[in-house]
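# Descriptive analysis of the structure
Here is what each chain is made of, one letter per residue.
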Amino acid sequence: MTATIIDGKSIAEIVRADVAKRTAALKVKTGVTPGLAVVLVGADPASQVYVRNKHKQTLEVGMASFEHKLPDTTPEADLLALVAMLNARADVHGILVQLPLPKHIDSEKVLRAINPDKDVDGFHPVNVGRLSIGEPCLTPCTPSGCIILAKSAQPDLKGLDAVVIGRSTIVGKPVAQLLLREDCTVTIAHSRTRDLPSVVRRADLVIAAVGRPEMVKGDWLKPGAIVIDVGINRVPTADGKTKLVGDVAFQECLSVAGAITPVPGGVGPMTIACLLKNTLEATERSLGLTT
Ligand code: NAD
């Protein structure tokens, strides 16, 4: 068997095209342009690339993009004041504070200061709570992307045995909640799980979010399983350069899985697409157009 490779790049394009279409229709209907504010503190090179991509893609779908770049010496109080100002602005429907923040700033305090209805990252405790009790809410972007990719391979996930490897608040726990919403039977495995290969072997759907290069081996998989690889790991190559690999040994798993995401080009492109989807949904909700 050779697995279907799930093309995250083209699926993200489809999501963005749908967001662009709905954004245009919303503008015609209400005169409102969805606005996303992104706050970057400091000059972390990876964060700068993410923020640049977010800005570009926000404009491409027809939304307004407000960038706030602050020096890494910015006092926490100034950042909190900026968040309060963005909370109050009617033309800002989504607020994203790029992590990591400099060490002198309490990230939790800043994330909690964001109005939950504008929390397009879905990290505010109110949204975490709403997700766990099954209320409509803004859901974290990478986990939402994982579900869209899994459903591209199998539209109805109901009843599947799903194993999530990793229990972080950013990926593992929220993706497990989203899988419950899809009526999967969910197991969350983590660093203290005993006999991980046998836990993974019973899964129809595996979501790996660990941060360990190529940890999931081909013989850990049930034949035909859907494999979503969230991991992004930079490893050295023989010629002294580096390359990106996921948490799944892709080549080995290709001959066992039913469908699998590559790294890069799998989960990665979905994150910004889902951020834009959240911004549109936050705008619609603010206008009373959805619950
Ligand atoms: P994290 O370090 O916060 O969490 C890792 C989890 O893996 C922990 O819950 C830990 O218990 C578990 N773990 C560690 N070693 C293990 C082992 N040997 N066996 C089983 N479980 C083990 O990481 P995170 O923020 O959840 O990110 C995970 C990976 O996903 C990273 O590679 C990260 O770069 C990537 N990531 C990608 C995207 C994206 O594609 N947009 C977004 C977020 C994270």
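Residues numbered from 1 in each chain as written. Predicted model: local features only at pLDDT ≥ 70, side-chain atom pairs only at ≥ 80, totals over all residues. Heavy atoms only, no water.

## Here we look at helix α1 (residues 8-30)
- Its 23 residues give α1 an end-to-end C-alpha distance of 32 Å, which sits within 8% of 33 Å, the value for a rise of 1.5 Å per residue.
- Along α1, the positions that sit buried rather than exposed are Gly8, Ile11, Ala12, Val15, Arg16, Val19, Thr23 and Leu26.
- Residues of α1 that are buried make contact with α2 (45-60), α6 (141-153) and α10 (270-286).
- Here α1 starts with a cap whose side-chain oxygen sits 3.1 Å from the backbone nitrogen of lysine 9, and that cap is aspartate 7. (Helix = DSSP H or I, 4+ residues; strand = E, 2+ residues; numbered from the N terminus. Expected span 1.5 Å × (residues − 1). Buried < 20%, exposed > 50% of the residue type's maximum accessible area, 1.4 Å probe, protein only. Contact = heavy atoms within 4.5 Å. Polar contact = N/O pair within 3.5 Å; in protein donor to acceptor, adjacent residues only side chain to side chain.)

## Focus: the site of the ligand
- Looking at the ligand, there are 21 residues lining it, with Arg167, Ser168, Arg212, Ile232 and Thr271 nearest.
- Take threonine 142: an N or O atom from its side chain is 3.4 Å from a nitrogen atom of the ligand.
- The side chain of arginine 212 places a nitrogen or oxygen atom 3.0 Å from a nitrogen atom of the ligand.
- Protein burial of the ligand: of its 860 Å² of free accessible surface, 71% is covered by the chains.
- Broken down by class, the residue content of the shell around the ligand amounts to nine nonpolar, ten polar and two charged. (Near = heavy atom within 4 Å. Areas by Shrake-Rupley, 256 points an atom, 1.4 Å probe, with all protein chains shown as cover. Nonpolar A, V, L, I, M, F, W, Y, C, P; charged D, E, K, R; others polar.)

## Some words on the packing of aromatic side chains
- In this structure the tally under the stated criterion is zero aromatic pairs.
- The residue whose ring lies beneath arginine 89 is phenylalanine 66, and the NZ or CZ to ring-centre distance is 4.5 Å. (Phe/Tyr/Trp six-rings, centres within 6.5 Å; stacked < 30°, edge-to-face > 60°. Lys NZ or Arg CZ within 6 Å of the ring centre and 35° of its normal.)

## Notes on helix α7 (residues 172-181)
- Looking only at α7, the buried set comprises Gly172, Pro174, Val175, Ala176, Leu178 and Leu179.
- Check the buried side of α7 and you find it contacts α5 (125-132), α6, β5 (161-165), β6 (185-189) and β7 (205-208).
- In the segment just after α7, aspartate 183 is the residue with positive phi, at about 70°.

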